[in-house]
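These are the residues of each chain, in order.
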Amino acid sequence: MANHISSLKRARQTETKTAVNRANKSKLRGTLRTLREAIAGGDAATATAQYRATVSILDKGVQKGTLHKNTASRYKSRLNARLKAVGTTSASAAKPTKAKAKPAAKKAVSKKKA
């Protein structure tokens, strides 16, 4: 245990900052979980809205010093890729594609020798 006044104060500050950082990381994990569930659900509109909220919390985590900026960037990149995959699969599932007609086969023309 700390004995000096300054070290006692530093211990109190550490406890406070630890609680704040823990709350921020917990909030981040919760939004990441809801975003992953929205992506797994396949609803592009809900997932997009949740992605915006998650990116905001990631950026706030970087700003507050809870996360490293490269970690947040990596999260955003990977989540955006998954979100785009959901958007393309739901868009292709919503629109039925027309079957392309095969081009007519060319008839073999035999040349007669004269």
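Computed from a prediction, not measured in an experiment: that's the story for all the values here.

Rules behind the numbers
- Residues numbered from 1 in each chain as written.
- Predicted model: local features only at pLDDT ≥ 70, side-chain atom pairs only at ≥ 80, totals over all residues.
- Heavy atoms only, no water.
- Helix = DSSP H or I, 4+ residues; strand = E, 2+ residues; numbered from the N terminus.
- Buried < 20%, exposed > 50% of the residue type's maximum accessible area, 1.4 Å probe, protein only.
- Contact = heavy atoms within 4.5 Å.
- Areas by Shrake-Rupley, 256 points an atom, 1.4 Å probe, with all protein chains shown as cover.
- Salt bridge = Lys/Arg side-chain N within 4 Å of Asp/Glu carboxyl O.

A. Expanded view of the overall build of the chain. Helix and strand content of the chain: three helices and zero strands. Listed N to C, the secondary structure of the chain is α-α-α in terms of helices and strands. Relative to its 114 residues, the chain shows a buried fraction of 19%. In the chain, 55% of the contacts between residues at least 6 apart in sequence involve partners at least 24 apart. Surface summary for the chain: the accessible area is close to 9,500 Å², and the carbon and sulfur share equals 55%.

B. Looking closely at the pattern of salt bridges. According to the stated counting rule, one finds one salt bridge in the structure shown. One salt bridge in this structure joins Lys76 and Asp59, with 2.8 Å as the shortest N-O distance. Here Lys76, found in helix 3 (residues 69-94), pairs with Asp59, found in helix 2 (residues 44-64); they are 17 residues apart in sequence, far enough to count as distant.

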